[in-house]
Amino acid sequence: MELLLASGSPRRAELLRQIGVPFRVLKAPDIDETPQPGEAPLAYVRRMAREKAAAGATGQSDQAVMGADTAVVLGEQILGKPRDDAHALAMLTALSGREHQVISAVCIHCAAGENVQQSLTRVHFRALDKATLQAYVATGEGRDKAGAYGIQGLGGALVATLNGSYSGVVGLPLEQTVTLLDWAGIPYWQRL
Ligand SMILES: Cc1cn([C@H]2C[C@H](O)[C@@H](COP(=O)(O)OP(=O)(O)OP(=O)(O)O)O2)c(=O)[nH]c1=O
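Rules used throughout
Residues numbered from 1 in each chain as written. Predicted model: local features only at pLDDT ≥ 70, side-chain atom pairs only at ≥ 80, totals over all residues. UniProt positions renumbered as here; feature names shortened; annotations may be inferred. Helix = DSSP H or I, 4+ residues; strand = E, 2+ residues; numbered from the N terminus. Buried ≥ 20, exposed ≤ 12 C-beta atoms within 10 Å, placed from the backbone. Contact = placed C-beta atoms within 7 Å. Near = placed C-beta within 6 Å. Nonpolar A, V, L, I, M, F, W, Y, C, P; charged D, E, K, R; others polar. Expected span 1.5 Å × (residues − 1). Axes fitted to C-alpha atoms, helices over the stretch in contact; angles between N-to-C directions. Parallel < 35°, antiparallel > 145°, perpendicular 65-115°, else oblique. Left-handed = near helix turned anticlockwise from the far one by under 90°. pLDDT = per-residue confidence, 0-100.

Draft legend 1. Spatial organisation of the UniProt feature "site: Important for substrate specificity" (unreviewed entry) in the protein chain. The sites that UniProt annotates as "site: Important for substrate specificity" (unreviewed entry) are Arg11, Thr70 and Gln152. Considering the C-alpha atoms alone, the annotated residues occupy 142 residues of sequence yet fold into one spot, their largest mutual distance being 14.4 Å. With respect to the helices, strands and loops of the structure, arginine 11 is situated in helix H1 (residues 10–18). Judged by the 20 C-beta atoms lying within 10 Å of it, arginine 11 is buried. Residue contacts for arginine 11: discarding those within four places in its chain leaves Gln152, Val170 and Gly171. Overall, the presence of 28 C-beta atoms within 10 Å leaves threonine 70 in the buried class.

Draft legend 2. View of the site of the ligand. Near the ligand, the surroundings consist of 24 residues, among which Ser7, Gly8, Ser9, Ile151 and Gly171 are the closest. The set of elements that each furnish at least two residues to the shell around the ligand consists of H1, strand S3 (63–74) and helix H5 (166–170). Broken down by element, the residue count for the shell around the ligand peaks at 4 residues, all from S3. Classifying every residue of the shell around the ligand gives 9 nonpolar, 9 polar and 6 charged.

Draft legend 3. Quick look at helix H2 (residues 41–55). Over its 15 residues, H2 runs 21 Å from end to end, which matches the ideal 21 Å to within 8%, given 1.5 Å per residue. Residues of H2 that are buried include every one of Pro41, Tyr44, Val45, Met48, Ala49, Arg50, Lys52 and Ala53, and no others. On its buried side, H2 packs onto strand S1 (2–6), S3, strand S4 (77–79), strand S5 (99–110) and strand S6 (113–125).

Draft legend 4. Broad picture of the UniProt feature "active site" (unreviewed entry) in the protein chain. On the UniProt side, "active site" (unreviewed entry) is annotated at positions that read Asp69 here. Inspection of the secondary structure puts aspartate 69 in strand S3. In this structure aspartate 69 comes out as buried when scored by C-beta crowding, with 28 C-beta atoms within 10 Å. Excluding anything up to four places from it in sequence, aspartate 69 contacts Val45, Met48, Ala49, Lys52, Ser104 and Ala105.

Draft legend 5. Representation of the packing of helix H3 (residues 85–95) against helix H4 (residues 130–139) within the structure. It is at 10 Å that the axes of H3 and H4 come closest, and there the two elements cross at 135°. By the criterion of interaxial angle, the relationship of H3 to H4 is oblique. As for how H3 packs across H4, the hand of that crossing is right-handed. In this structure, H3 uses Asp85, Ala88, Leu89, Leu92 and Thr93 to contact H4, whose residues at the interface are Leu133, Gln134, Tyr136 and Val137. Class assignment of the residues belonging to the contact of H3 with H4 gives a composition of 6 nonpolar, 2 polar and 1 charged.

Draft legend 6. Inspection of the confidence of the model for the protein chain at higher detail. Looking at the protein chain, pLDDT values average 97 and 100% of them are 70 or higher. The ipTM value of the predicted complex is 0.97, and its pTM value is 0.97.

This is how it looks when you write it as C-alpha cells:
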C-alpha cells in the first residue's frame, strides 16, 4: 500500500520521516476551513482531517491518503493561524499565563474506507510580558502555525508544561498515526 500525504505542512512530513514511513507528498488540499456555526472544536478538527484526506483520494486500491489538522483551543474558541502580526500578538496575549488545548486529528482514506483518530494535549504557557511576546512575533516563526506559535522551535521558550502528545502539538500525533498505519497496512521503521 502506497501512502500519499495530503499536506503542505513540512512538520507533518518530518514526523512521518522520523518514524521511517515511506510516502509521497500530494499538493496541499484546497478545502474550505471555516468552522460550521456551533461546531465543537473536536468535531471541527476531525472534519478537517477527513476532508483533507478525502480531497486527495485517488480511487486507486493500492493507495491510501493521509490528511491531518491541528487547532489551538482556548476555552471554547478555536485559534487557527494568525491573519497578521497584530492577530498573532492578540492570540499570544490571550494564551499567556494560561492553559489551552491543542487538538490534532489525523485521517487515512483508502479503499477499505476511512479512519480518523485524534489527540488532545494541554499546554500551559508561561506568563509573558508584552515586550517578550512582541519579540517572539517579530521572529515570524508563528505566522503559519495554529495559535501563532511553534513549540518545536523558538516557541519552546513560551511553554511551561505540556500534558499529552508533543507530536500532536507539532501537527501529527504519532501514537494515533501508527494506529492508522497498522490499520491501512502501511509500514514504518523503514530505511528511507
Ligand atoms: C501549536 C503548533 C502548531 N503548529 C502547526 C502544525 C500545523 O502545520 C499548523 C496548523 O495548521 P493546519 O491547518 O492544521 O495545517 P497546515 O495548513 O499547516 O497544513 P495542511 O496542508 O496539512 O493543512 O500549525 C506547529 O508547527 N507547532 C505548534 O506548536
